[in-house]
Amino acid sequence: MIDKINAIKAEVETLKATSLQAVEELRIKYLSKKGEVSALMQEFRTVPAEQKRELGQQLNVLKEAVTAKLAALREALESADTVDADLDLSRTAAPMPLGTRHPLSLVREEIISIFSRQGFTIAEGPEVEDDWHVFSALNFADDHPARDMQDTFFIQRNPDVLLRTHTSSAQVRIMEKTQPPIRVLCPGRVYRNEAISARAHCFFHQIEGLYVDENVSFADLRQALLYFAREMFSPDTKIRLRPSYFPFTEPSAEMDISCNLCGGKGCSFCKHTGWVEILGCGMVDPNVLEACGIDSKRYSGYAFGMGVERITNLKYQVKDLRLFSENDVRFLRQFTSAH
Ligand code: DAH
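The paragraphs below set out a description of the structure included in this document.

Cut-off values and rules
- Residues numbered from 1 in each chain as written.
- Predicted model: local features only at pLDDT ≥ 70, side-chain atom pairs only at ≥ 80, totals over all residues.
- Heavy atoms only, no water.
- Helix = DSSP H or I, 4+ residues; strand = E, 2+ residues; numbered from the N terminus.
- Rg over C-alpha atoms; globule rule 2.2 N^0.38 Å.
- Buried < 20%, exposed > 50% of the residue type's maximum accessible area, 1.4 Å probe, protein only.
- Contact = heavy atoms within 4.5 Å.
- Areas by Shrake-Rupley, 256 points an atom, 1.4 Å probe, with all protein chains shown as cover.
- Lys, Arg positive; Asp, Glu negative; His and termini not counted.
- Charge placed at Lys NZ, Arg CZ, Asp CG, Glu CD.
- Salt bridge = Lys/Arg side-chain N within 4 Å of Asp/Glu carboxyl O.
- Pairing = 2+ DSSP bridges.
- Axes fitted to C-alpha atoms, helices over the stretch in contact; angles between N-to-C directions.

### Structural notes on the overall build of the chain
A tally of helices and strands in the chain yields 11 helices and 10 strands. Its C-alpha atoms give the chain a radius of gyration of 40 Å, clearly above 20 Å, the size a compact globule of 339 residues would have. Projected onto the principal axes, the alpha-carbon positions of the chain cover approximately 125 × 50 × 40 Å. Expressed as a percentage of its 339 residues, the buried residues of the chain come to 42%. Residue pairs in contact within the chain that sit at least 24 positions apart in sequence constitute 67% of those at least 6 positions apart. Put simply, the chain shows about 19100 Å² of open surface, and 52% of that area lies on carbon and sulfur atoms. With 41 positive and 47 negative side-chain charges, the chain shows a spacing of 8 Å between the two charge centroids.

### Re the pattern of salt bridges
This model, assessed by the stated rule, comprises 17 salt bridges. Between arginine 27 and glutamate 24 there is a salt bridge whose closest N-O contact spans 3.1 Å. Of this pair, arginine 27 and glutamate 24 are both found in helix H2 (residues 20-31), 3 residues apart, which corresponds to roughly one turn of the helix. The exposure class assigned to arginine 27 is partly exposed, which follows from its relative accessible area of 30%. Through salt bridges with shared partners, one network takes in Arg240, Arg242, Glu254, Asp256 and Glu277.

### What to know about the pairing of strand E8 (residues 249-258)
Among the 10 residues that make up E8, 8 are buried, leaving the element largely enclosed by the rest of the structure. Across 7 bridges, the pairing between strand E7 (residues 239-246) and E8 is antiparallel. Within the sheet, the bridge partner assigned to phenylalanine 246 lies in E8 and is threonine 249. Where E7 folds back onto E8 in an antiparallel hairpin, the turn is made up of 2 residues. Alignment of E8 against strand E9 (residues 275-284), held across 8 bridges, turns out to be antiparallel. Opposite methionine 255, over in E9, you have leucine 279 as the bridge partner.

### As for the sheet that holds strand E4 (residues 161-163)
One open sheet accounts for 3 strands, arranged E2-E4-E3; its pairing is antiparallel. Strand pairing shows two members of the sheet lacking a second neighbour, strand E2 (128-130) and strand E3 (154-156), which therefore form its edges. Direction aside, neighbouring strands of the sheet carry axes that sit 40° apart on average. Both E2 and E4 contribute to a ladder of 3 bridges, which runs antiparallel. Bridging from a neighbouring strand, aspartate 130 pairs with valine 161 of E4.

See below:
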């Protein structure tokens, strides 16, 4: 009998269970009325009197060992159970803070989407440029003030390596390597050596548009821009084109839209004029076409350029330009995207 007691004891020490149900089955196997320990208790009655003391003690030890082992297994499973509940992959996840699109990205995507509906595709150029693409090919005279150190960040002099001051440089790159018809948008970051304030920054974003083909007219330009203004702001937005000057366009114009805050009646935002300026544009100067290898007798084109910050300011009334690059989440969280 002592052998049986020892065998059960050894067996019980190695017991494992993966569920509470399994622990219960073990209890039945060892401790229930018909269980193995109970059977030994029955057998105990028949052992000779001189062995009773010794075997009785051993039996009690065994019973306690089995009871303790089962309790330990049960406890381990119960505490593991709570961990299991945490790992329930079907449970709803705790809310995770999601980022929002940057307002400049939202507006850039909207502008691109409006012009892509008019057949424009995207073409990007480098931010680190040379004098030819930023100035010379665009018909800037050698002594033009825009080349001045005050505006342009030069990385190197002779040969000039500089940060582009406008996305018009991307038009040059496109025209140099593509023959018309050309209909592209060039979005990107530009740099100017300006003191940072609420109204000026040393870097900002522009979107350039260029359309070159046979018989492109100023009326085409006007229609493309009117469509843009109405889609971007509201269907009753009006536009007006004021004569202006840019070295790379002739004739050149600046476009105003009717103030989207007061509807053109006049308010402090539009300085009581009813109009706000949003972009520069014009017919591509024949000198520019020729500089880029395009026959100016056969082809004509229009171009326009707008500041993404400016459009964002009009659309969302962000007055201080610095907010766009400070990464303050209280500001950024206000913009959500439908995309
Ligand atoms: N490049 C001009 C600027 O940075 C904007 C501009 C004006 C672009 C007229 C054009 C244009 O393409 O036709 O201020």
